[in-house]
Amino acid sequence: PLTDAKLAGAYAVVTAHDASSVDWAAFAAIPTLVILMGGRALAQIAQQLQATGWPADTPVAVVKEAGTASQTAWISTLARVEQDTQPGVPLSPCVIVVGRVAGLPAAWAGTS
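Residues numbered from 1 in each chain as written. Predicted model: local features only at pLDDT ≥ 70, side-chain atom pairs only at ≥ 80, totals over all residues. Heavy atoms only, no water.

So, about the overall build of the protein chain. For the protein chain, the helix and strand inventory stands at two helices and five strands. In sequence order, the secondary structure elements of the protein chain are arranged as β-β-α-β-β-α-β. Scaling as 2.2 N^0.38, a compact globule of 112 residues should have a C-alpha radius of gyration of about 13 Å, and the protein chain matches this with 13 Å. Dimensions along the principal axes, computed over C-alpha positions, put the protein chain at roughly 35 × 30 × 20 Å. In the protein chain, once contacts between residues fewer than 6 apart in sequence are set aside, the share between residues at least 24 apart is 56%. Taken as a whole, the protein chain presents about 5,900 Å² of accessible surface, with 54% of it coming from carbon and sulfur. (Helix = DSSP H or I, 4+ residues; strand = E, 2+ residues; numbered from the N terminus. Rg over C-alpha atoms; globule rule 2.2 N^0.38 Å. Contact = heavy atoms within 4.5 Å. Areas by Shrake-Rupley, 256 points an atom, 1.4 Å probe, with all protein chains shown as cover.)

Attention now goes to the pairing of strand β1 (residues 12-15). Alternating residues of β1 divide into Ala12 and Val14, all buried, and Val13 and Thr15, none buried. Where β1 meets strand β2 (residues 32-36), four bridges bridge the pair, whose relative direction is parallel. Looking at β2, one finds that Thr15 is bridged to Leu36. (Buried < 20%, exposed > 50% of the residue type's maximum accessible area, 1.4 Å probe, protein only. Pairing = 2+ DSSP bridges.)

Tracing the backbone shows Thr58 in the loop between α1 (42-51) and β3 (59-64). Given the relative accessible area of 8%, Thr58 is considered buried. The contacts of Thr58, once residues within four sequence positions are left out, are Ser76, Thr77, Leu78, Val98 and Gly99.

It is worth stressing that arrangement in space is one thing and function is another; only the former is reported here.
Here it is, written out as structure tokens:
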């Protein structure tokens, strides 16, 4: 889920094809952030979000090839997401969900 009555009543979607041009601080008050085209810049995104106020233990779900038979998902935190996904393996195409809803049990089918 992207929203939850108790955890997050709103979300924002951003493309991160050029992650260095995104104003990550603009999303500091949003409870759930959905990032498209951010697989190549995952480490940079996690660092920027932490630098703009997101706690290091914020849950993150990375869903590669969403909606296909090859879908793979990882649940982690901003502090560990780079290590917990498959380092060195391209993540694109993927959707990155940041926020408390990303850590809900069984929220993402096919998790690793």
